[in-house]
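So the chains spell out like this:
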Protein chains: 2
Amino acid sequence: MKLSSRTRYGMRAILELALEYGKAPLQIKTIAEREDISNKYLEQLIAMLKASGLVRSIRGPRGGYLLAKPPSEIQLKDVFLTLEGPMVPAECLEHPEYCPRCTDCATRQIWQELQNAIFGVLESVTLADLVERSLRSKKTGNYHI
Amino acid sequence: MKLSSRTRYGMRAILELALEYGKAPLQIKTIAEREDISNKYLEQLIAMLKASGLVRSIRGPRGGYLLAKPPSEIQLKDVFLTLEGPMVPAECLEHPEYCPRCTDCATRQIWQELQNAIFGVLESVTLADLVERSLRSKKTGNYHI
DNA sequence: TGATATCCTATTGGCTTAGTAGATTATTAT
DNA sequence: ATAATAATCTACTAAGCCAATAGGATATCA
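Now for a look at the structure at hand. The structure displayed is predicted, hence computed values, not measured ones. (Residues numbered from 1 in each chain as written. Chains lettered and ligands numbered in written order. Predicted model: local features only at pLDDT ≥ 70, side-chain atom pairs only at ≥ 80, totals over all residues. Heavy atoms only, no water.)

### What about helix α2 (residues 28-35) of chain B?
Residue and element names in this part refer to chain B. The complete set of buried residues in α2 reads I28, I31, A32 and E35. Down the axis of α2, the sector holding all buried residues measures 100 degrees, keeping them to one side. Residues of α2 that are exposed and angled more than 90 degrees away from the buried face: K29 and E33. D36, located one to two residues past α2, shows a positive phi value of around 55 degrees. (Buried < 20%, exposed > 50% of the residue type's maximum accessible area, 1.4 Å probe, protein only. Helix = DSSP H or I, 4+ residues; strand = E, 2+ residues; numbered from the N terminus. Arc of directions from axis to C-beta.)

Written out as structure tokens, the structure reads:
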């Protein structure tokens, strides 16, 4: 099990925007350079973030992208779901009628617990938290924990 | 994010084996019928479980498959990793040299926490637990919680 | 009006998934 | 012995997704 590049790149990109919150808009080109992501690909990822209302844009020269809300109001869950798509380990979690068998039920509970565990993490952290962590590790120079 | 059919089917299949632990071997055909899975496909999934040592087989008539260890000694993590493959949200978790940038670090922590949360669930439950849950829900008839 | 930067749509190669198909081998019961 | 049974092995395939790449259109500022 692996996260898509979409999610990994996108998370890094929106963190860049969070780090610049309150300042001038950031351009795709800049983010792509800083994060070493293909310009054109990043364009699409940011479009997804914009479509879901997490990011807004300014066109033309001196334009770029801005966080649509304060970092403290954006949970990682929001970003994750936008990029990775719906978090449904098994269909029967959303549509119990898919689950006519008894033994399914026990496994179904597990998939439910897995989903809860993942959401637990992603809901407990906001972009503001990420910014704080990011600045702290920059200060101490401890890139790897 | 969704689990593969491999993992969902395979987990149900090995649960069937756990439910029959100590009894006669279960045949592919039987499991496939009970769980409504393609015979031929299930064959391959069980082969994976056998290759990883969780299941053993007896060939010929009256043959079939058996759990290689008591259900209490098989964590769901073992089954999951066999079927779903290695759980590495991001490459930089295993190879920190992939992580030259500072902002990566904050996201990297998150992927680490996600991995821990998932493993936490999958390590805390064994097939014996699943069997117990399964029998209980069969008794009460509460298939959906 | 030209430069800048977002926006939009289409296309692609490569990989994985979820099977299907068919033949082979080992074991048991008659 | 032999026929039936059930696992084992290998190969193939259609469909879908991923991670880009490409090229042009549109809005905005100086």
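After that view of the structure, there is still more to cover.
### Concerning the protein's contact with DNA strand C
Close to DNA strand C lie 24 residues; A:K50, A:S57, B:K40, B:Q44 and B:R59 are nearest. Within 4 Å of the protein, atoms of DNA strand C come from sugar and phosphate in 62% of cases. Between DNA strand C and B:S5, the relevant distance is 3.0 Å, taken from a phosphate oxygen to a main-chain nitrogen or oxygen of the residue. Contact between DNA strand C and B:R59: a base oxygen at 2.5 Å from a side-chain N or O atom of the residue. For the surface near DNA strand C, the secondary structure elements donating two or more residues are α3 (39-51), β1 (55-58) and β2 (64-67) of chain A together with α1 (5-19) and α3 (39-51) of chain B. Of the residues in the surface near DNA strand C, the class split is seven nonpolar, nine polar and eight charged. (Near = heavy atom within 4 Å. Polar contact = N/O pair within 3.5 Å; in protein donor to acceptor, adjacent residues only side chain to side chain. Nonpolar A, V, L, I, M, F, W, Y, C, P; charged D, E, K, R; others polar.)

### Quick word on the pattern of salt bridges
Where charged atoms from two side chains of opposite charge come close, those side chains can pair. Residue and element names in this part refer to chain A. Following the criterion strictly, the structure yields 14 salt bridges over all chains and no others. Where R34 meets E16, a salt bridge forms, and the shortest distance between an N and an O atom there is 3.3 Å. One end of the pair, R34, is in helix α2 (residues 28-35); the other, E16, is in helix α1 (residues 5-19), with 18 residues separating them in the sequence. A residue is classified by how much of its surface remains accessible, and E16, at 5% relative accessible area, is buried. E43 is the partner of K40 in a salt bridge, and the nearest nitrogen-oxygen pair spans 3.8 Å. Taken together, the residues span about one helical turn, with K40 and E43 both in helix α3 at a distance of three residues. (Salt bridge = Lys/Arg side-chain N within 4 Å of Asp/Glu carboxyl O.)

### Digging into the environment of A:A47
Residues and elements named next belong to chain A. Positionally, A47 belongs in helix α3. Note on A47: relative accessible area 42%, which makes it partly exposed. Between the alpha carbons of A47 and R108 there is a distance of 34 Å; along the sequence they are 61 residues apart.

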